[in-house]
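Listed here are the chains, written in short residue letters.
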Amino acid sequence: MPISTTAIVSSKASIGSNISIGDFTIISDNVVIGDNVSIQSHCLIGQPTPLSDGKPLIIGNDSLIRSHSIFYEGSRFGSKLMTGHCVTVREKIEAGENLLIGTHCDLQGHAKIGDYVRLYTGVQINHASDIGDFVRIYHYSVLTNDPHPPSNMVLGVKVEKYAVIATMCCILPGVQIGENALVGAGSLVRKNVEPETVVSGVPAKYICRSSEIKLKDGTNQPAYPWMRHFHRGYPQKITDEWMSIYDA
């Protein structure tokens, strides 16, 4: 696959095989890119920053970074990273495999992100966030971290695996969202959310157990845990494991 003649690729960067780099994209010195990676036009990959402590930007195999995205040095991404357009990713993100970062997302760095996480359009992830495997955070939601803005305190949000945060939510500093929990759209969450519960509102309040919500498809089956019925985009091995649990 081609590297554009207008791209600038540092000779100090480590570039894998079968790579595509689009027009006017810049690959800086401190970058490691795996095999079968496509980086579209007008991207800045490995932007230097003293906050990286000299660590490289690592992009795993089989990744796709769409146009006008900026990745600073010092973060590590597993295989099959996929972004939308105009994404900003700061230093010291440690992310697993198969991460989706939607268009106009802003990852402010110094955060942990698990495997198969989905961050949709306009999501902001602030410092010290800790996001578990298979979490889904929908459009224009924000994980905050400063309890007394402006201050020097940093209290990150923790989101446990399989949790869902619906569109346009604000999660306040230090809040923990439990496993398999659901935060309803437009919520302001200022207290911890228990596992397998639903909260919603401003401020968010307990609504019910997540298993009490039924699918609106005529089956009257539980909508949560969502792994019972939603498998799109996940490998067969993983969905088979889910069904072995829920069919038991």
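Relevant structure appears above.
These lines cover the structure that appears in this document, whether it is placed above or below. (Residues numbered from 1 in each chain as written. Predicted model: local features only at pLDDT ≥ 70, side-chain atom pairs only at ≥ 80, totals over all residues. Heavy atoms only, no water.)

**Describing the overall build of the protein chain**
Helix and strand counts for the protein chain stand at one helix and 30 strands. On the principal axes, the C-alpha backbone points of the protein chain span a range of 55 × 45 × 25 Å. In the protein chain, which comprises 248 residues, the share counted as buried stands at 46%. In the protein chain, the share of contacts with a sequence separation of at least 24, taken over all contacts with a separation of at least 6, comes to 22%. (Helix = DSSP H or I, 4+ residues; strand = E, 2+ residues; numbered from the N terminus. Buried < 20%, exposed > 50% of the residue type's maximum accessible area, 1.4 Å probe, protein only. Contact = heavy atoms within 4.5 Å.)

**Considerations on the nonpolar core**
Grouped together as the largest cluster of nonpolar side chains are 48 residues, with contacts concentrated most on Phe71, Phe77, Leu119, Ile171 and Ile177. Residues in contact with Ile177, not counting those within four places in the same chain, are Lys158, Val159, Glu160, Ala163, Ile171, Val183, Val189 and Val193. (Core = buried A, V, L, I, M, F, W, Y, C linked by side-chain atoms within 4.5 Å.)

**Looking at the packing of aromatic side chains**
In total, this model carries 13 aromatic pairs according to the counting rule given. An angle of 75° between the planes, with centres 5.5 Å apart, marks the rings of Phe71 and Phe77 as edge-to-face. Considered together, Phe71 and Phe77 belong to a single accessibility category, that of buried residues. Pairing Phe134 with Tyr234 gives two aromatic rings, centres 5.9 Å apart and planes at 55°, and the pair type is tilted. Of this pair, Phe134 sits in the loop between strand S20 (130–131) and strand S21 (136–137) while Tyr234 sits in the loop between strand S30 (205–209) and helix H1 (236–246); the two residues are 100 residues apart in sequence, bridging distant segments of the chain. For Phe134, a relative accessible area of 9% puts it in the buried group. We classify Tyr234 as buried; its relative accessible area is 8%. (Phe/Tyr/Trp six-rings, centres within 6.5 Å; stacked < 30°, edge-to-face > 60°.)

**Topic: the sheet that holds strand S26 (residues 176–177)**
One open sheet holds the nine strands; their spatial order is S2-S5-S8-S11-S14-S17-S20-S23-S26, and the pairing between them is parallel. Bordering the open sheet on either side are strand S2 (14–15) and S26, each of which pairs with just one other strand. With two bridges connecting them, strand S17 (residues 111–113) and S20 associate as parallel partners. Residue Ile113 lies in a different strand from S20, and its bridge partner there is Ile131. (Pairing = 2+ DSSP bridges.)

**Concerning the environment of Asp130**
Mapped onto the fold, Asp130 is located in strand S20. Residue classification places Asp130 among the partly exposed positions, given a relative accessible area of 27%. Taking the C-alpha atoms as reference, Asp130 lies 15 Å from Asp106; in sequence the two are 24 residues apart. Of note is the side chain of Asp130, whose polar atom sits 3.3 Å from the side chain of Lys158. (Polar contact = N/O pair within 3.5 Å; in protein donor to acceptor, adjacent residues only side chain to side chain.)

**Brief notes about H1**
By the burial criterion, the buried members of H1 are Ile238, Thr239 and Trp242. Viewed end-on, H1 has its buried residues packed into an arc of 95°, placing them on one side of the element. Away from the buried face of H1 by more than 90 degrees, exposed residues Gln236 and Lys237 are located. (Arc of directions from axis to C-beta.)

**Quick notes on the sheet that holds strand S28 (residues 188–189)**
Spatially, S1-S4-S7-S10-S13-S16-S19-S22-S25-S28 is the arrangement adopted by the 10 strands of the open sheet, whose pairing is parallel. The sheet terminates laterally at strand S1 (8–9) and S28, the two strands that pair on one side only. Bridge count between strand S10 (residues 70–72) and strand S13 (residues 88–89): two bridges; the pairing is parallel. Looking at the pairing, Phe71 lines up with Val89 of S13.

**So, the environment of Asp240**
Topologically, Asp240 is positioned in helix H1. We classify Asp240 as partly exposed; its relative accessible area is 41%. Among the polar contacts made by the side chain of Asp240, one reaches the side chain of Gln236 at a distance of 2.8 Å.

**Digging into the pairing of strand S29 (residues 197–200)**
Inspection of the sheet shows strand S27 (residues 182–183) paired to S29 by two bridges, in the parallel sense. The partner of Val183 across the bridge, within S29, is Val199. As paired elements, S29 and S30 share four bridges and run antiparallel to each other. Note that in S30 the partner of Val199 across the bridge is Tyr206.

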